[in-house]
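# Secondary and tertiary structure notes
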Amino acid sequence: MPVTEYYLIGSITVPSNWVALIVGFLVAYIAIRKRYGKQLAERFSDAVFYIIIIWKLSVVITDFSTVIKAPMAIVYFNGGMIGFCLGLVFVALRLLLDVRKERLDTSGVIGLFMGAVVVQAVYQVMMALLNDGGLVPKIVTAIGFLSLVVYLWIVAKKTEENSILLPILFMAVHFFVATLQPRGLTDSSFFVSMSIGLFFIVLFWRMNAKVMKRRESFE
């Protein structure tokens, strides 16, 4: 959903997508802590912290000339979508390293994936509610993502061996919803969902293959 509303907080004008994203992070943290425990919730909050820091500091890469002329631009500006994606890549690499060193099992990875789904779901619903747009896209967005979260929340712990199906469903729902939204499949949030979904599909596939290989070695 496109940004049409801005909010004045003190002396800072905040776009609706910032508000939606912050609320999404908070709701996801609470959900993970409630279901998966403090340790995984802190790992999720660390990931969010890295994304925000890289997103802010990446302005040095995306607008180097401005930062050279005015170093304080780092405080007031950010790296935009490129910086956000760089943050996601960094977090993804850290997650791959943790899985490789067996610091995270399948349950933990599912928990972090659920955190990403909750963030995107809350973000999408809030963007639909906070900004102008057609009634049908708003309703479809809200029902689609809320239904997705509820369903995945119920089945997540029961599908560890078929965990690869979780990101596939996530991608399918966002694809369907995006086709009815104003920006359709060109929206940046759709690109983020597809990237996250593909990453977790590959990760779950590798983890499941590793588990199967271990089982075969014991037989």
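The structure contained in this document is the topic of the report that follows.

### Considering the packing of aromatic side chains
- Scanning the entire structure with this criterion turns up 10 aromatic pairs.
- When the centroid spacing of 5.3 Å and the interplanar angle of 80° are considered together, the rings of F199 and F200 count as edge-to-face.
- Given the relative accessible area of 6%, F200 is considered buried.
- Each residue in the set F113, F170, F199, F200 and F204 is aromatic and connected to the rest through ring pairs, giving one cluster.

### Looking at a nonpolar patch on the surface
- Taken together, the side chains of V60, I61, F64, I68, I82 and L86 make up a nonpolar region of the molecular surface, amounting to roughly 580 Å² of accessible area.
- Contributing elements (two or more residues each) for the nonpolar patch: α3 (59-62), α4 (64-69) and α6 (80-100).
- Its place among the elements puts I82 in helix α6.
- Judged by its relative accessible area of 55%, I82 is exposed.

### Observations regarding the pattern of salt bridges
- Under the criterion given, the structure shown has 3 salt bridges.
- A salt bridge links R43 to D98, with the shortest nitrogen-to-oxygen separation between them at 2.7 Å. Remark: D98 occurs in helix α6 and R43 occurs in helix α2 (residues 38-57); sequence separation between them is 55 residues.
- When its relative accessible area of 8% is taken as the criterion, D98 is described as buried.
- Where R103 meets D98, a salt bridge forms, and the shortest distance between an N and an O atom there is 2.8 Å.
- R103 sits in the partly exposed class, given a relative accessible area of 45%.
- Put simply, R43, D98 and R103 are held in one network by salt bridges that share partners.

### Focus on the side chain of Q120
- With respect to the helices and strands, the residue Q120 is situated in helix α7 (residues 106-130).
- We classify Q120 as buried; its relative accessible area is 8%.
- Of the polar contacts made by the side chain of Q120, one reaches the backbone oxygen of S189; its length is 3.1 Å.

### Quick word on α7
- Taking 1.5 Å per residue, 25 residues should reach 36 Å; α7 reaches 36 Å between its end C-alpha atoms and fits that length.
- Among the 25 residues in α7, 22 count as buried, and that is most of the element.

### Focus on the packing of α7 against helix α8 (residues 135-155)
- Packing of α7 against α8 brings their axes to within 9 Å, and their N-to-C directions diverge by 160°. Considered as vectors, α7 and α8 are oriented roughly antiparallel to each other. Along this stretch, α7 crosses α8, giving a crossing that reads as left-handed. Seen from α7, the contacting residues are F113, M114, V117, V118, Q120, A121, Q124, V125, A128 and L129; seen from α8, they are K138, T141, A142, F145, L146, L148, V149, L152 and W153.
- Counted by class, the contact of α7 with α8 contains 15 nonpolar, 3 polar and 1 charged residues.

### Looking at the environment of F84
- One can find F84 in helix α6.
- Here F84 falls in the buried class, since its relative accessible area comes to 17%.
- Each C-alpha atom, one on F84 and one on A128, is 21 Å from the other, the two residues being 44 residues apart in sequence.
- Excluding its chain neighbours within four sequence positions, the residues that come into contact with F84 are L21, I51, W55 and V192.

### Side note on the nonpolar core
- Membership of the largest hydrophobic core comes to 51 residues, with the highest contact counts inside it found for F44, V109, F113, L152 and F200.
- Looking at this core, the elements with two or more residues in it are α1 (16-36), α2, α6, α7, α8, α9 (165-178) and α10 (188-218).
- With 16 residues, α7 is the largest single contributor of residues to this core.
- Judged by nonpolar contacts, the second largest core, of 5 residues, contains M171, A178, M194 and I201.

Calculation rules
Residues numbered from 1 in each chain as written. Predicted model: local features only at pLDDT ≥ 70, side-chain atom pairs only at ≥ 80, totals over all residues. Heavy atoms only, no water. Phe/Tyr/Trp six-rings, centres within 6.5 Å; stacked < 30°, edge-to-face > 60°. Buried < 20%, exposed > 50% of the residue type's maximum accessible area, 1.4 Å probe, protein only. Patch = residues over 30% accessible without salt bridge, like charges linked within 9 Å, V, L, I, M, F, W, Y side chains within 5 Å. Areas by Shrake-Rupley, 256 points an atom, 1.4 Å probe, with all protein chains shown as cover. Salt bridge = Lys/Arg side-chain N within 4 Å of Asp/Glu carboxyl O. Helix = DSSP H or I, 4+ residues; strand = E, 2+ residues; numbered from the N terminus. Polar contact = N/O pair within 3.5 Å; in protein donor to acceptor, adjacent residues only side chain to side chain. Expected span 1.5 Å × (residues − 1). Axes fitted to C-alpha atoms, helices over the stretch in contact; angles between N-to-C directions. Parallel < 35°, antiparallel > 145°, perpendicular 65-115°, else oblique. Left-handed = near helix turned anticlockwise from the far one by under 90°. Contact = heavy atoms within 4.5 Å. Nonpolar A, V, L, I, M, F, W, Y, C, P; charged D, E, K, R; others polar. Core = buried A, V, L, I, M, F, W, Y, C linked by side-chain atoms within 4.5 Å.

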